[in-house]
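Here is what each chain is made of, one letter per residue.
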Amino acid sequence: MSALEPGTVLAPQEYAVTRADLVRYAGASGDLNPIHWSERVATQVGLPGVIAHGMYTMALAARAVATWTHDAPVLEIGCKFTAPVVVPDDDTGVVVVVGGTVKSVDEGRATLALEVTCGGRKVLGMPRAVVAVDG
Amino acid sequence: MALDSSIVGRSFPPTRPYAVTEERLRTFAAATGATWEGGPAPATFPIVLAFEAMNVFLEAEQVELRRVVHGEQRFAYERPVRAGDVLTASLTVSSLRQIGGNDVIGTSSEVHDETGALVCTAGATLVHRAEEQA
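Just so we're clear, the structure is a prediction, and the values are computed from it rather than from any experiment. (Residues numbered from 1 in each chain as written. Chains lettered and ligands numbered in written order. Predicted model: local features only at pLDDT ≥ 70, side-chain atom pairs only at ≥ 80, totals over all residues.)

*Asks:* Hey, could you run me through the packing of helix 1 (residues 19-29) of chain A against helix 1 (residues 22-31) of chain B in this one?
*Replies:* Two packed helices can be described by the angle between their axes and the distance between those axes. At a minimum axis distance of 9 Å, the contact between helix 1 of chain A and helix 1 of chain B shows a crossing angle of 155°. Classed by the angle they form, the pair helix 1 of chain A and helix 1 of chain B counts as roughly antiparallel. The element helix 1 of chain A and its partner helix 1 of chain B pack so that their crossing is left-handed. Along its contact with helix 1 of chain A, which presents Arg24(A), Tyr25(A) and Ala28(A), the element helix 1 of chain B presents Thr27(B), Phe28(B) and Ala31(B). Here the residues of the contact of helix 1 of chain A with helix 1 of chain B sort into four nonpolar, one polar and one charged. (Axes fitted to C-alpha atoms, helices over the stretch in contact; angles between N-to-C directions. Helix = DSSP H or I, 4+ residues; strand = E, 2+ residues; numbered from the N terminus. Parallel < 35°, antiparallel > 145°, perpendicular 65-115°, else oblique. Left-handed = near helix turned anticlockwise from the far one by under 90°. Contact = placed C-beta atoms within 7 Å. Nonpolar A, V, L, I, M, F, W, Y, C, P; charged D, E, K, R; others polar.)

Shown next, in the form of structure tokens:
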């Protein structure tokens, strides 16, 4: 594994998210919670509109980690879901941006601090991942 | 309706065995715009197991899924998930707080393979949103 050195800033990854993506993720994950596809139910329970599965956003963060590390095995990954990603009912949706910095590389473990935003606003709290690295 | 603090420490029955196939991994990866071509499962894939374990808990406690929002999620791996694994997950409630009428539920779901070995621990904080005041 090269380029995973402490302080390395990883190239931000941008992912578009549309309602169709949420429906597809609902099917693949088994999370059929209607707040991720029904405006009526989402607003009924006090949300601003249909929101992305937190796990969908986290999966995008994991996708960025896999891209940066060339699919290094993930030992730990986690975050808080601090702000909803509201996905409008249109064809363009919203863009989620995943940035990252290598915090430490030690004893075969690289710790990455992530920053995940949508519309300039952080949507995940303290997202981080630990991956296995050679050496 | 708020949950009772007596659920803290309670474990719920394991999910039905789930066969991790290549097709399921490809489908999961594709749903996040990625591709899976062998090797470890996508890092958040065990949510499929953890979500089922959560459903067992929600049904037992008669909590409506639509009132639940994800507050936090962590995965800690003992080993990667691979095609061919047969996995089960069981959830334990680790904490319960009431904040602003919402239940904030700390949970830990252990994912085991067919030999009983721990594969991954999925920790989740679930926010059970209060009913609107009439």
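What follows picks up the thread again.
*Asks:* It is not clear to me how the interface of chain B and chain A should be interpreted in this structure. Could you clarify?
*Replies:* Tallying the contact residues gives 29 residues for chain B and 33 residues for chain A. Listing elements by their share of the side of chain B that touches chain A, those giving two or more residues are helix 1, helix 2 (47-60) and strand 2 (68-77) of chain B. Ranked by residue count, the leading element in the side of chain B that touches chain A is strand 2 of chain B, at eight residues. Along the lines of polarity and charge, the residues of the side of chain B that touches chain A split into 14 nonpolar, eight polar and seven charged.

*Asks:* Please explain the pairing of strand 3 (residues 86-99) of chain B as it appears in this structure.
*Replies:* Residues and elements named next belong to chain B. One ladder, built from two bridges, connects strand 1 (residues 18-19) with strand 3; its direction is antiparallel. Directly across from Tyr18, in strand 3, lies its bridge partner Leu87. Relative to strand 4 (residues 102-112), strand 3 runs antiparallel, the two sharing eleven bridges. The residue bridging Leu91 from the neighbouring strand is Ser109, located in strand 4. Where strand 3 folds back onto strand 4 in an antiparallel hairpin, the turn is made up of two residues, including Gly100, whose phi is positive at roughly 55°. (Pairing = 2+ DSSP bridges.)

*Asks:* Help me understand the nonpolar core, please; the structure alone is not making it clear to me.
*Replies:* Nonpolar side chains in soluble globular proteins generally cluster together in the buried interior. Ranked by internal contacts, the top residues of the largest apolar core, which has 75 residues, are Ala61(A), Ala62(A), Val65(A), Val74(A), Val131(A) and Ala50(B). Residue contributions to this core peak at eleven residues, all from helix 3 (residues 54-69) of chain A. Filtering out sequence-adjacent residues up to four positions away, Ala61(A) remains in contact with Cys79(A), Val98(A), Leu114(A), Val116(A), Leu124(A) and Pro127(A). (Core = buried A, V, L, I, M, F, W, Y, C linked by C-beta atoms within 7 Å. Buried ≥ 20, exposed ≤ 12 C-beta atoms within 10 Å, placed from the backbone.)

*Asks:* Help me understand helix 3 of chain A, please; the structure alone is not making it clear to me.
*Replies:* Within an α-helix, residues lying three or four positions from one another point in the same direction, as the helix has 3.6 residues per turn. Residues and elements named next belong to chain A. Look at helix 3: 23 Å from first C-alpha to last across 16 residues, which is about the 22 Å you get at 1.5 Å a residue. Counting buried positions along helix 3 yields 15 of 16 residues, so the element is predominantly enclosed. In the segment just after helix 3, His70 is the residue with positive phi, at about 55°. (Expected span 1.5 Å × (residues − 1).)

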